[in-house]
Amino acid sequence: MRVLLIEDDAVLGRALDEFLKGQGYAVDWLTEGRQVIETLTLQAYDLVLLDLNLPDTDGLVLLSQMRSQAVMVPVLILTARDGVNERVAGLDCGADDYLVKPFDLPELAARVRVFARRQSQQALSRVQAGPLWLDSVNREITAEGERLALSAREFSVLEMLMMRSGRVVTKQQIVNSLSAWDTDFSENAVEVYIYRLRKRLDALPVSIQTIRGFGYMLNVADDEAAAG
């Protein structure tokens, strides 16, 4: 999932940014509302985390503008406004969920997973590639029944390859999917993660093939034998 975080508090914003990235999500962080509409037209997001008390606009006004312009990305409001009327107003303006500050990070993670599950209902939540099984909801990949110990970035790269098993995934596609504005994720970094994944998959009948000049492709040994 790619998440747009809109939070003007530097301390909280940084904590949420780091926490969500640690959960394996690609995160872009804005501190003002004026950039939001344009950003949402330029980049597709799976979820928006919206603070209501922004320095240049009220979050509910911004949310209303989004919905009036048919920007239908799911929105989870994060705010200190804890009254019933405020919660009702947020939902009526088009929010999909409402979380009152201060909140515990595990609760936020659980609510974000709800949106991940909704998204997975529109796609395959479990994908197989030879001995590998991808569970995109619980964010784990198993090999012959054993869970692979992958970093968040390693998981995301292997997830992309599994979702497109037998097809080429370009380096730029991987960079675009995993990069956020404040991180330096380059094609060289992709090569590092591919190297690490190859080591983890070395004993399995599955391999990551380099397609020179294009990118990478996940091959299952049986597919290679059949092709030969």
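The structure this text deals with has already been given above.
Described below are features of the structure shown in this document.

Conventions used here
- Residues numbered from 1 in each chain as written.
- Predicted model: local features only at pLDDT ≥ 70, side-chain atom pairs only at ≥ 80, totals over all residues.
- Heavy atoms only, no water.
- Pairing = 2+ DSSP bridges.
- Helix = DSSP H or I, 4+ residues; strand = E, 2+ residues; numbered from the N terminus.
- Axes fitted to C-alpha atoms, helices over the stretch in contact; angles between N-to-C directions.
- Core = buried A, V, L, I, M, F, W, Y, C linked by side-chain atoms within 4.5 Å.
- Buried < 20%, exposed > 50% of the residue type's maximum accessible area, 1.4 Å probe, protein only.
- Contact = heavy atoms within 4.5 Å.
- Parallel < 35°, antiparallel > 145°, perpendicular 65-115°, else oblique.
- Nonpolar A, V, L, I, M, F, W, Y, C, P; charged D, E, K, R; others polar.
- Salt bridge = Lys/Arg side-chain N within 4 Å of Asp/Glu carboxyl O.

With that settled, consider the sheet that holds strand E5 (residues 97-100). Within a sheet, adjacent strands bond to each other through the backbone by hydrogen bonds, running parallel or antiparallel. Taken in spatial order, the five strands of this open sheet run E2-E1-E3-E4-E5, and their pairing is parallel. Every other strand in the sheet has two partners, leaving strand E2 (26-30) and E5 as the edge strands with one partner each. Across the sheet, the mean angle separating the axes of adjacent strands is 20° when strand polarity is ignored. Note that strand E3 (residues 47-51) and strand E4 (residues 75-79) share four bridges and pair parallel.

Before going further, it helps to spend a moment on the nonpolar core. Formed by 31 residues in total, the largest nonpolar core has its most connected members in Leu-132, Ile-141, Leu-158 and Ile-174. Of all the secondary structure elements, the ones that give two or more residues to this core are strand E6 (126-129), strand E7 (132-135), strand E8 (140-143), helix H6 (152-163), helix H7 (171-178), helix H8 (187-200), strand E11 (206-211) and strand E12 (215-220). With six residues, H6 is the single largest residue contributor to this core. Excluding residues that lie within four positions of it along the chain, Ile-141 makes contacts with Leu-132, Trp-133, Leu-134, Glu-146, Arg-147, Leu-148, Leu-150, Phe-155, Leu-158, Glu-159 and Met-162. Val-36, Val-73, Ile-77 and Ala-95 belong to the second largest nonpolar core, which has 21 residues in total.

Quick look at the environment of Leu-204 now. Note that Leu-204 resides in the loop between H8 and E11. The exposure class assigned to Leu-204 is buried, which follows from its relative accessible area of 16%. Considered as a pair, Leu-204 and Val-220 are 16 residues apart in the sequence and their alpha carbons are 9.2 Å apart. Sequence-distant contacts of Leu-204, that is, excluding residues within four places in its chain, are made with Pro-131, Leu-132, Ala-143 and Glu-144.

What follows is about the sheet that holds E12. Strand order across the open sheet formed by three strands is E10-E12-E11, with antiparallel pairing between neighbours. The open sheet has two edge strands with one neighbour each: strand E10 (169-170) and E11. Pairing between E10 and E12: two bridges, direction antiparallel. Along E12, the bridge assignment pairs Thr-170 with Gly-215.

It is at 10 Å that the axes of H6 and H8 come closest, and there the two elements cross at 80°. One element, H6, and the other, H8, form an angle in the roughly perpendicular class. Contacts between H6 and H8 involve Arg-153, Glu-154, Val-157, Leu-158 and Leu-161 from the first element and Tyr-193, Ile-194, Arg-196, Leu-197 and Arg-200 from the second. Taken together, the residues of the contact of H6 with H8 break down into six nonpolar, no polar and four charged.

Take the pattern of salt bridges next. Under the definition given, this model contains twelve salt bridges. The salt bridge partner of Asp-96 is Arg-67, with a shortest N-O separation of 3.3 Å. In this pair, Asp-96 is assigned in the loop between helix H4 (84-92) and E5 and Arg-67 in helix H3 (residues 59-68), connecting sequence segments 29 residues apart. The partly exposed category is assigned to Asp-96, whose relative accessible area is 34%. Note that Glu-154 and Arg-200 form a salt bridge whose closest N and O atoms lie 3.1 Å from each other. With Glu-154 in helix H6 and Arg-200 in helix H8, this residue pair connects regions lying 46 residues apart in the sequence. Of the residues examined, Arg-200 reaches a relative accessible area of 39% and is grouped as partly exposed. Connected through salt bridges with shared partners, the residues Glu-7, Asp-51 and Lys-101 form a single ionic network.

Here we come to unusual backbone geometry. Where the residue is not glycine, phi is negative for most of them; where a peptide bond is considered, it is trans in most cases. Backbone torsion omega between Lys-101 and Pro-102 reads -5°, so that peptide bond is classified as cis. Following the sequence through the fold, Pro-102 ends up in the loop between E5 and helix H5 (105-120). At Ala-70, a position not held by glycine, the phi torsion is positive, near 60°. As for its position among the elements, Ala-70 is in the loop between H3 and E4. The residue Glu-144 is not glycine, and still its phi comes out positive at about 50°. Residue position: Glu-144 is located in the loop between E8 and strand E9 (146-147). For Glu-144, a relative accessible area of 58% translates into the label exposed.

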